[in-house]
Amino acid sequence: MKNPELETFIKDVEQIVHEGGTEEALTGKIAERMRHLLQNDNVLPPQYRQPNPKYALYPLYVADDESFSVAAAVWDVGQSTPVHDHGTWGVIGVVQGTEHEIQYTSPSNENEELITCNDRYIQKGEVVVCCSSEQDLHKVQCASENPCVGIHVYGGNIGKIERHIYDPHTGKKRVSVSPWVPVPSLPQ
């Protein structure tokens, strides 16, 4: 199912998470390890690169204690997420395509328009910390002519964590869970 380099990466992340430390140190170590992983173009099997009618989070690994999870995230051409938070830290690496991320400042109340604080394009092979306890509000979309595929590592089981979706015009938020998408079978 997974390639040996991906299996080793997951074991390394598990060790990093269980060693603990500050959030900044933890995400820094995971980001550095992911940069090495992304040097392999075939790190994800084809079924984890398949677009879905809605953007997809395919589970690659969820720690038994749910202290972290690793996902394959896929946005088809033209797809995007709503503005959302995560409730935890996260590190992403782009395997294919280009991801456009718009980060927002957290609203001070639920009656104000969200303010953009960062707008960036993340290219194939690049790794970034996508969320932390200090910056955790963004929108992501595919910005390439082919699907955008990434590997995401989160501090918890992202398929179960209660998060929030925000109205960018009013700042109003609602609780949401982004459940795991079943991994598609490839035609034989």
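Our structure's up above, just so we're on the same page.
A closer look at the overall build of the protein chain
Item 1. Secondary structure assignment for the protein chain yields two helices and eleven strands.
Item 2. Helices (α) and strands (β) of the protein chain occur, in sequence order from the N terminus, as α-α-β-β-β-β-β-β-β-β-β-β-β.
Item 3. The C-alpha radius of gyration of the protein chain comes to 16 Å, within 12% of the 16 Å expected for a compact globule of 188 residues.
Item 4. Dimensions of the protein chain, computed from the C-alpha atoms along their principal axes, are close to 50 × 40 × 25 Å.
Item 5. Here the protein chain, with 188 residues, has 49% of them falling under the buried criterion.
Item 6. The long-range share in the protein chain, meaning contacts at least 24 apart out of those at least 6 apart in sequence, stands at 73%.
Item 7. By element, 48% of the accessible surface of the protein chain is carried by carbon and sulfur atoms, the whole surface being about 9,200 Å².
Item 8. Looking at the protein chain, you have 15 positive and 26 negative side-chain charges, and the mean spots of the two groups are 4 Å apart.

Describing the sheet that holds strand 9 (residues 148-154)
Item 1. Spatial ordering of the open sheet is given by 1-2-9-4-7, a layout of five strands whose pairing is antiparallel. One side of each edge strand has no neighbouring strand; the edge strands of this open sheet are strand 1 (56-62) and strand 7 (127-131). With direction set aside, neighbouring strand axes in the sheet form an average angle of 30°.
Item 2. Examined bridge by bridge, strand 2 (residues 69-75) and strand 9 share seven bridges and lie antiparallel to one another. Within strand 9, the position partnered with W75 by the bridge is C148.
Item 3. Helix 1 (residues 4-19) rests against strand 1, strand 2 and strand 9 of the sheet, and its axis sits at about 70° to strand 1.
Item 4. Of the strands in this sheet, strand 4 (90-96), strand 7 and strand 9 are in contact with helix 2 (residues 23-37), which crosses strand 4 at around 10°.

Some words on the layout of surface pockets
Item 1. Volume-wise, the largest pocket comes out at about 330 Å³.
Item 2. In terms of lining residues, the largest pocket is bounded by 26 residues, among which Y55, L57, T81, R163 and S178 are the most central.
Item 3. If you list the elements that add at least two residues to the lining of the largest pocket, you get strand 1, strand 2, strand 8 (138-142), strand 9 and strand 10 (163-166).
Item 4. When residues of the lining of the largest pocket are assigned to their parent elements, the largest contribution, three residues, is made by strand 10.
Item 5. Here the residues of the lining of the largest pocket are counted per class, giving 14 nonpolar, nine polar and three charged.

A look at empty space enclosed by the protein
Where empty space is left becomes clear once a probe the size of a water molecule has been rolled over the atoms.
Item 1. The full count for this structure, using the stated rule, is one cavity of 30 Å³ or more.
Item 2. Within this model, the largest cavity holds a volume of roughly 40 Å³.
Item 3. In terms of lining residues, the largest cavity is bounded by L38, N40, D41, V94, V95, K124 and G125.
Item 4. Along the lines of polarity and charge, the residues of the lining of the largest cavity split into three nonpolar, two polar and two charged.

The rules behind the values
Residues numbered from 1 in each chain as written. Predicted model: local features only at pLDDT ≥ 70, side-chain atom pairs only at ≥ 80, totals over all residues. Heavy atoms only, no water. Helix = DSSP H or I, 4+ residues; strand = E, 2+ residues; numbered from the N terminus. Rg over C-alpha atoms; globule rule 2.2 N^0.38 Å. Buried < 20%, exposed > 50% of the residue type's maximum accessible area, 1.4 Å probe, protein only. Contact = heavy atoms within 4.5 Å. Areas by Shrake-Rupley, 256 points an atom, 1.4 Å probe, with all protein chains shown as cover. Lys, Arg positive; Asp, Glu negative; His and termini not counted. Charge placed at Lys NZ, Arg CZ, Asp CG, Glu CD. Pairing = 2+ DSSP bridges. Axes fitted to C-alpha atoms, helices over the stretch in contact; angles between N-to-C directions. 1 Å grid on protein atoms, 1.4 Å probe; cavity = no way out; pocket = protein on both sides within 12 Å on 5 of 7 lines; lining within 4 Å. Points joined across faces, edges and corners; volume = space filled by probe spheres on them. Nonpolar A, V, L, I, M, F, W, Y, C, P; charged D, E, K, R; others polar.

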